[in-house]
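Topology and contacts: notes
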Amino acid sequence: MPRLFTAIEVPKEIGTMLSMLRGGIHGARWIDPENYHLTLRFIGDIDDRTANEVAGILDFVERPSFKVTLTGLGQFGGKKPRAIIASVQPTPALIELQAEHERMMQRIGLPAEGRRFTPHVTLARLRDASVIEVADYLSTRGGFRSVSFPVSRFVLYSSRASQGGGPYIVEADYPLRGRAGLEQRYANAM
Ligand code: 2AM
């Protein structure tokens, strides 16, 4: 049974930049740069027939390309920090693409995703990390400069069944229309 999710890839140059932010928190498992991604719709472990339906229905997405902007660093989990993330600007194009994936997955019979979409790129997963250390980490990386990159496709990734984690494999890719995002390659958003 494959474990699947749809996502936007993080370009190599951006991944290299993000990888400089690794280190400095005990108990952190830093993601390898080649595994950075922006999850759109987590699908989970499904049978091969449903996987084919997922891959097929995504072919019907007809949307323009756009830009993704990373706006800063943050954490998930509050007093029990569980991840260090790069926050992503929730632009209409991104939100609408994600919402379309959600509708499509429900149309083929998958249960609705209960959690609100909070776009992000996970940089580290944390276990028993100190709240103070995480706060220190985030304050010393305050110099993170907002950066944008063009998105001309999304992908269907698989990860190790029932285990998750990388390496992630691109099972299918889906182009977005036009060049909107491409005209401003890696332009700084600020
Ligand atoms: P994360 O980056 O916030 O950890 C592949 O596992 C991707 O799907 C990961 O990026 C992860 O998001 C997300 N993911 C993993 N398990 C999930 C779950 N049970 N529900 C929603 N998203 C999940």
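Everything discussed here concerns the structure shown above.
In this report, the structure presented in the accompanying data block is examined. Within each chain, residues carry numbers counting from 1 in the order of the written sequence. Note on the predicted model: pLDDT of at least 70 is required for a residue's local features to be given, and 80 or more for side-chain atom pairs to be given and counted; whole-chain, interface and lining totals, by contrast, use all residues. Side-chain descriptors were evaluated using all non-hydrogen atoms of the structure, hydrogens and water having been removed beforehand.

**Things to note about the overall build of the protein chain**
For clarity, the threshold we go by: Note on conventions: DSSP H or I runs of at least 4 residues are helices, E runs of at least 2 residues are strands, and numbering of each starts at the N terminus. Atoms counted for the radius of gyration: C-alpha only. Globule rule: 2.2 Å times the number of residues to the power 0.38. With a 1.4 Å probe rolled over the protein chains alone, any residue whose accessible area is under 20% of its type maximum counts as buried; one over 50% counts as exposed, and the rest are partly exposed. Whether two residues are in contact is decided by their heavy atoms, any of which lying within 4.5 Å being enough. Working definition of accessibility: Shrake-Rupley area with a 1.4 Å probe, residue cover restricted to the visible protein chains. A residue counts as positive if it is Lys or Arg and as negative if it is Asp or Glu; His and the chain ends are not included. Working definition for charges: the position is that of NZ of Lys, CZ of Arg, CG of Asp or CD of Glu.
Per the secondary structure count, the protein chain includes four helices and nine strands. Its C-alpha atoms give the protein chain a radius of gyration of 17 Å, near enough to 16 Å, the size a compact globule of 190 residues would have. Once the C-alpha set of the protein chain is aligned to its principal axes, its extents read approximately 45 × 40 × 25 Å. Counting across all 190 residues of the protein chain, residues that qualify as buried make up 46%. Looking at the protein chain alone, contacts between residues at least 24 apart form 79% of all its contacts between residues at least 6 apart. Total accessible area computed for the protein chain in this model is approximately 10200 Å², and 51% of it derives from carbon and sulfur atoms. Across the protein chain, the centroid of the 24 positively charged side chains sits 6 Å from that of the 20 negatively charged ones.

**Overview of the packing of aromatic side chains**
Worth spelling out the cut-off: Aromatic pairing here means that ring centres of Phe, Tyr or Trp (its six-membered ring) are within 6.5 Å. Orientation follows from the plane angle: under 30 degrees is stacked, over 60 is edge-to-face, and everything else is tilted.
Tallied over the entire structure, the rule returns five aromatic pairs. Ring centres of Phe154 and Tyr174 lie 4.9 Å apart, and the angle between their planes is 15°; on these two criteria the pair is classed as stacked. One end of the pair, Phe154, is in strand S8 (residues 153-159); the other, Tyr174, is in strand S9 (residues 169-175), with 20 residues separating them in the sequence. With relative accessibility at 0%, the residue Phe154 sits in the buried group. For Tyr174, a relative accessible area of 4% corresponds to the buried category. Put simply, the rings of Phe5, Tyr157 and Tyr168 pair up and form one aromatic cluster.

**Focus on the environment of Ala55**
You can see Ala55 is positioned in helix H2 (residues 48-57). Judged by its relative accessible area of 22%, Ala55 falls in the partly exposed class. Counting along the chain gives 63 residues from Ala55 to Thr118, while the straight-line C-alpha distance between them is 23 Å. With residues up to four places along the chain from it excluded, the contact list for Ala55 reads Leu156 and Tyr174.

**Considering the nonpolar core**
Side chains of nonpolar character tend, in soluble globular proteins, to be buried together. Note the following rule: Residues belong to one nonpolar core when they are buried, are Ala, Val, Leu, Ile, Met, Phe, Trp, Tyr or Cys, and are joined through side-chain atoms within 4.5 Å.
Residues Ile8, Leu18, Leu70, Val121 and Leu123 are the most contacted members of the largest nonpolar core, which totals 49 residues. Among all residues touching Val121, those that are not within four sequence positions of it are Val10, Leu18, Tyr36, His37, Leu38, Leu70, Ile84, Ile85, Ala86 and Val88. Formed by five residues, the second largest nonpolar core is a distinct cluster that contains Phe5, Val155, Tyr157 and Tyr168.

**What to know about the environment of Asp173**
We apply this condition: Polar contacts, as counted here, are pairs of nitrogen or oxygen atoms within 3.5 Å of one another; within protein the pair requires one atom able to donate a hydrogen and one able to accept it, and residues that are adjacent in sequence qualify only if both atoms are side-chain atoms.
One can find Asp173 in strand S9. Residues Asp173 and Ala55, 118 residues apart in the sequence, show an inter-C-alpha distance of 9.1 Å. Beyond its immediate sequence surroundings of up to four residues, Asp173 is in contact with Arg153, Phe154 and Val155. Among the polar contacts listed, one links the side chain of Asp173 to the side chain of Arg153, at a separation of 3.4 Å.

**Here we look at the site of the ligand**
The criterion, for reference: One heavy atom within 4 Å of a molecule or strand makes the whole residue count as near it. In this classification, the charged set is Asp, Glu, Lys and Arg, the nonpolar set is Ala, Val, Leu, Ile, Met, Phe, Trp, Tyr, Cys and Pro, and all remaining amino acids, among them Gly, are polar.
The ligand sits among Phe5, His37, Thr39, Phe42, Glu113, Arg115, His120, Thr122 and Arg125. Residue Arg115 places a side-chain N or O atom 2.7 Å away from a nitrogen atom belonging to the ligand. One of the side-chain N or O atoms of His120 is found 2.7 Å from an oxygen atom in the ligand. For the ligand, whose unbound accessible area comes to 470 Å², protein coverage reaches 73%. Elements with a contribution of two residues or more to the shell around the ligand: strand S3 (37-45) and strand S6 (120-126). Of the residues belonging to the shell around the ligand, the class tally is two nonpolar, four polar and three charged.

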